[in-house]
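Spelled out from the first residue to the last, the chains are:
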Amino acid sequence: MKELICKTENTHQYPIIIEKGIKGRLSQMKALFSQYHKVVIITDKNVAKEYLGEVERQVRQAGPKVYSIVIPPGEASKCLTQTAEIYNELIKCNITRSDAILTLGGGVVGDLGGFCAATYLRGIDLIQVPTSLLAQVDSSVGGKVGIDLDYGKNLVGAFHQPRAVIIDPLFLETLEDHYMIDGMAEVIKYGCISSAPLFVKLMGYAYYEDLVEDMEEIIAKCCQIKRDVVQTDEHEQGLRRILNFGHTIGHVVETYFKFKKYSHGEAVAIGMAQITKKTVAEGISQKDTYDNIIEILENYGLPTELPKMPLDKVQEILFTDKKFENDSLYICALEKIGKAQIVKIQKPQAIELFR
Ligand SMILES: O=C(O)C(=O)C[C@@H](O)[C@H](O)[C@H](O)COP(=O)(O)O
Ligand SMILES: [Zn+2]
């Protein structure tokens, strides 16, 4: 079991608990759950099939009344229509400010459910119970919640720190392979931006079983890196921009293909490879950094090649990126594996990233 505490300047502190089997012991977390009269679990159909019954029972035993909202799986659910449907359900259950939302699922459920928690009645408490690797190592920690618009990803959102993040690596036992690969892209990102030892460790696994064996430790390392970054810069004014390594290109790829062809992790993998190719050429990154990134991404079955996309469409999507301030965009580049830096570029240079 590992417990990290996240405390940002402006909000409450909260625990990030990483423990195998904790989903079967939620009823013992009375101090957390008995604060609430009602807890609404938001989950998707796939996760509900496997885990909703057990989690409902556990939380109910800890004190509160429990309600559940089950949404269709997939990025398409991170939209305004689904958000409105959830608000209506919350109203029907008479959820008040002394109640909480618990998100049980991957990145989509966490981002969408978290966004509802941030905005319903101007904000109610949120407990994140991430079930995918991507959500366990990245999206459940740090308070970014949001939904997509047709124009791009996460264009409407908030910073809304959870009251607790409860991570059970055993959820991963039922995760399909392609979701594991998706999450590995973010794990590799953490090695790239902040930990050469993590990167080297990930390079060294010859067998999938050995990786799974170390998963609790790997999740804890990623959460610790993210916690440290978020504590320093909750609202992404500086350091937090490093968490966006590979995402400027990645978000364009995801959006251009309407979130159907590439998963978030796959798109970010392409983004990490492509941005590093450019920064090596510009002398920002050490020469072997690109080769190492290509090798590790290929080892984990992740794509690295930029797909063909017309530049006028790319431009349309790219210019809605939240990281633009006037005509400048902040991107994350690697000096070398484990050491990131933020580079400010202008619109024409940003387009060059896609050539
Ligand atoms: O938490 C962050 O900050 C991140 O950038 C983590 C990213 O991996 C994540 O995909 C995030 O949702 C991207 O945020 P966005 O602000 O670029 O939409
Ligand atoms: Zn991401």
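Residues numbered from 1 in each chain as written. Chains lettered and ligands numbered in written order. Predicted model: local features only at pLDDT ≥ 70, side-chain atom pairs only at ≥ 80, totals over all residues. Heavy atoms only, no water.

Among the 14 residues in the neighbourhood of ligand 1, the closest are listed as Asp138, Lys144, Lys226, Arg240 and Lys323. Lys144 has a polar side-chain atom sitting 2.8 Å from an oxygen atom of ligand 1. Within the side chain of Asn244, an N or O atom sits 3.0 Å from an oxygen atom of ligand 1. Considered on its own, ligand 1 offers 430 Å² of accessible surface; in the complex 94% of this is hidden by protein. Broken down by secondary-structure element, the contributors of at least two residues to the shell around ligand 1 are helix H6 (177-194) and helix H10 (247-256). Here the residues of the shell around ligand 1 are counted per class, giving 1 nonpolar, 5 polar and 8 charged. (Near = heavy atom within 4 Å. Polar contact = N/O pair within 3.5 Å; in protein donor to acceptor, adjacent residues only side chain to side chain. Areas by Shrake-Rupley, 256 points an atom, 1.4 Å probe, with all protein chains shown as cover. Helix = DSSP H or I, 4+ residues; strand = E, 2+ residues; numbered from the N terminus. Nonpolar A, V, L, I, M, F, W, Y, C, P; charged D, E, K, R; others polar.)

It is worth spelling out the UniProt feature "binding site: Zn(2+)" (unreviewed entry) in the protein at this point. UniProt's entry tags Glu186, His247 and His264 with the feature "binding site: Zn(2+)" (unreviewed entry), counted in the numbering of this structure. In terms of the greatest pairwise C-alpha distance, the residues named above, spread along 79 residues, form a tight cluster of at most 10.3 Å across. Tracing the backbone through its elements, the reader meets Glu186 in helix H6. Residue Glu186 is classed as buried on the basis of its relative accessible area, which comes to 0%. Beyond its immediate chain neighbours, meaning those up to four positions away, Glu186 contacts Leu134, Val137, Asp138, His247, His264 and Val268. Residue classification places His264 among the buried residues on the basis of a relative accessible area of 14%. Each residue touching His264, except ones within four places of it in the same chain, is listed here: Leu134, Lys153, Asp182, Glu186, His247, His251 and Glu254. Polar side-chain contacts of His264 include one of 3.2 Å to the side chain of His247. (UniProt positions renumbered as here; feature names shortened; annotations may be inferred. Buried < 20%, exposed > 50% of the residue type's maximum accessible area, 1.4 Å probe, protein only. Contact = heavy atoms within 4.5 Å.)

We now examine the UniProt feature "domain: 3-dehydroquinate synthase N-terminal" (unreviewed entry) in the protein. If you check UniProt for "domain: 3-dehydroquinate synthase N-terminal" (unreviewed entry), the listed places come out as residues 69-180 in our numbering. Here residues 69-180 runs as 33% helix and 29% strand, with 25 Å between its end C-alpha atoms.

One frequent convention defines the size of an interface as the accessible area lost when the parts assemble. For the protein, the assigned domains are domain 1 (2-174) and domain 2 (196-354). For domain 1 versus domain 2, the separation of C-alpha centres amounts to 26 Å. Between domain 1 and domain 2, the residue contacts involve 34 residues of the former and 28 residues of the latter. In total, about 2600 Å² of surface goes out of reach between domain 1 and domain 2, with carbon and sulfur atoms giving 63% of it. One salt bridge in this structure joins Lys144 and Glu236, with 3.2 Å as the shortest N-O distance. (Domains from an automatic or database assignment. Buried area = accessible area lost by both parts, 1.4 Å probe. Salt bridge = Lys/Arg side-chain N within 4 Å of Asp/Glu carboxyl O.)

Looking now at the coordination of the zinc ion (ligand 2). For the zinc ion (ligand 2), every protein donor is listed as Glu186 (OE), His247 (NE2) and His264 (NE2), and the spread of their distances is 2.0 to 2.1 Å. Each donor residue of the zinc ion (ligand 2) lies on one chain, and together they are spaced E-x60-H-x16-H. With Glu186 in helix H6 and His264 in helix H11 (residues 264-281), this pair connects stretches of sequence that are 78 residues apart. (Donors = N, O, S within 2.8 Å, 3.2 Å for Na, K, Ca; no water.)

Attention now goes to the side chain of Ser27. Among the secondary structure elements, Ser27 is positioned in the loop between strand E2 (13-18) and helix H1 (30-33). Classification of Ser27 as buried rests on a relative accessible area of 11%. Sequence-distant contacts of Ser27, defined by excluding residues within four places in its chain, comprise Gln58, Gln61 and Ala62.

With that settled, consider the sheet that holds strand E3 (residues 38-44). As summarised here, the arrangement of the 7 strands in space is E1-E2-E9-E6-E5-E3-E4, forming an open sheet in which the pairing is mixed. Strands at the two margins of the open sheet, each flanked by one partner only, are strand E1 (2-7) and strand E4 (65-71). On average, adjacent strands in this sheet sit at an angle of 15° to one another, irrespective of strand direction. Judged from the 5 bridges that link them, E3 and strand E5 (residues 100-105) form a sheet pairing that is parallel. Note on E5: the bridge partner recorded for Val39 is Ala100. Together, E3, E4, E5 and strand E6 (125-130) form the strand contacts of helix H4 (residues 107-119), whose direction differs from that of E5 by roughly 170°. (Pairing = 2+ DSSP bridges. Axes fitted to C-alpha atoms, helices over the stretch in contact; angles between N-to-C directions.)

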